[in-house]
Amino acid sequence: RSTLFTYTTLFRSGKNGIYKYTYNDGSFANAQVWLKQEKDVTGNNFITVDGNLWLGAKEGKISKFFKGKEEIFSLKGAYEPIDEQTVLVTNENLNNLYLLDKQKNRILISDKQGKINRQLLADGLKKIISIVPNKSEKEIYILTANKIYRVKL
């Protein structure tokens, strides 16, 4: 199950779909089914929103939804498939989708149509926990168990 808080909205995915909770009177309540079609989204371990809602990665697949409907999306240009433990990072101000493949300790940078523009292999780093691009998308911050690295892109 994945959960994402955005300002006054919370999204949660599970076996029966994607649910939207709206903040009202000091709490998130009144779950509404957001997904307009039946789809089992269990196993998707990460969720992010930029106007689209992204889920990743069940069996190495990234899913993209807009206004409750799934859109066709696939990554093109990866040296090898992504793993289930992939963290997705994007928002409405970023041009790219940043993927942290935790199993392979690599970062993939894709446009939002799925074309991978860059792959960073971090074999020399301890296990990467998280990544954050800066606003200009010219640097990325990499969090490991004991350090934060800044890498120019």
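Reading the values: rules and limits
Residues numbered from 1 in each chain as written. Predicted model: local features only at pLDDT ≥ 70, side-chain atom pairs only at ≥ 80, totals over all residues. Heavy atoms only, no water. Helix = DSSP H or I, 4+ residues; strand = E, 2+ residues; numbered from the N terminus. Contact = heavy atoms within 4.5 Å. Polar contact = N/O pair within 3.5 Å; in protein donor to acceptor, adjacent residues only side chain to side chain. Phe/Tyr/Trp six-rings, centres within 6.5 Å; stacked < 30°, edge-to-face > 60°. Buried < 20%, exposed > 50% of the residue type's maximum accessible area, 1.4 Å probe, protein only. Salt bridge = Lys/Arg side-chain N within 4 Å of Asp/Glu carboxyl O. Pairing = 2+ DSSP bridges. Axes fitted to C-alpha atoms, helices over the stretch in contact; angles between N-to-C directions.

Student: Can you explain the environment of asparagine 96? Please cite residues and give values.
Tutor: Secondary-structure assignment places asparagine 96 in strand 10 (residues 96–101). Between the alpha carbons of asparagine 96 and serine 110 there is a distance of 5.6 Å; along the sequence they are 14 residues apart. Non-local contacts of asparagine 96, meaning those with residues more than four positions away in its chain, are made with Val89, Thr90, Ile109, Ser110, Asp111, Lys112, Asn117 and Glu137. Among the polar contacts made by the side chain of asparagine 96, one reaches the side chain of glutamate 137 at a distance of 3.1 Å.

Student: I'd like a rundown of the packing of aromatic side chains, residues and numbers included.
Tutor: Under the definition given, this model contains one aromatic pair. Relative to phenylalanine 73, the ring of tryptophan 54 has its centre 5.0 Å away and its plane inclined at 85 degrees; by these criteria the two rings are edge-to-face. Taken together, the residues span a long stretch of sequence, with tryptophan 54 in strand 6 (residues 53–58) and phenylalanine 73 in the loop between strand 8 (69–71) and strand 9 (86–89) at a distance of 19 residues. The burial state of tryptophan 54 is the same as that of phenylalanine 73; both residues are buried.

Student: Please give an account of unusual backbone geometry that cites residues and values.
Tutor: You will see that lysine 67, though not glycine, has its phi angle at about 50 degrees, which is positive. By secondary structure assignment, the location of lysine 67 is in the loop between strand 7 (61–66) and strand 8. Of note in the backbone geometry, glutamate 137 takes a positive phi value of approximately 60 degrees without being a glycine. With respect to the secondary-structure elements, glutamate 137 resides in the loop between strand 13 (128–133) and strand 14 (139–144).

Student: So what's going on with the pattern of salt bridges? Residues and values would help.
Tutor: Applying the stated rule across the entire model yields six salt bridges. A salt bridge links lysine 64 to glutamate 71; the shortest N-O distance between them is 3.7 Å. For glutamate 71, a relative accessible area of 32% corresponds to the partly exposed category. Residues joined by salt bridges that share partners form a network here, namely Asp101, Lys104 and Arg106.

Student: Describe the sheet that holds strand 13, with residues and values.
Tutor: Here we have three strands laid out as an open sheet, ordered 13-14-15, and antiparallel in their pairing. Each edge of the sheet is formed by a strand with only one pairing partner; in this case those strands are strand 13 and strand 15 (148–152). Sheet twist, expressed as the mean angle between neighbouring strand axes with direction ignored, is 25 degrees. Pairing geometry for strand 14 and strand 15, over five bridges, is antiparallel. Counted as the bridge partner of leucine 143 is isoleucine 148 from strand 15.

Student: Quick one: what's the story with the environment of glutamine 32, residue by residue and with numbers?
Tutor: For glutamine 32, the location among the structural elements is in strand 4 (residues 27–33). Taking the C-alpha atoms as reference, glutamine 32 lies 5.5 Å from tyrosine 19; in sequence the two are 13 residues apart.

Nothing here speaks to function; it is geometry throughout.
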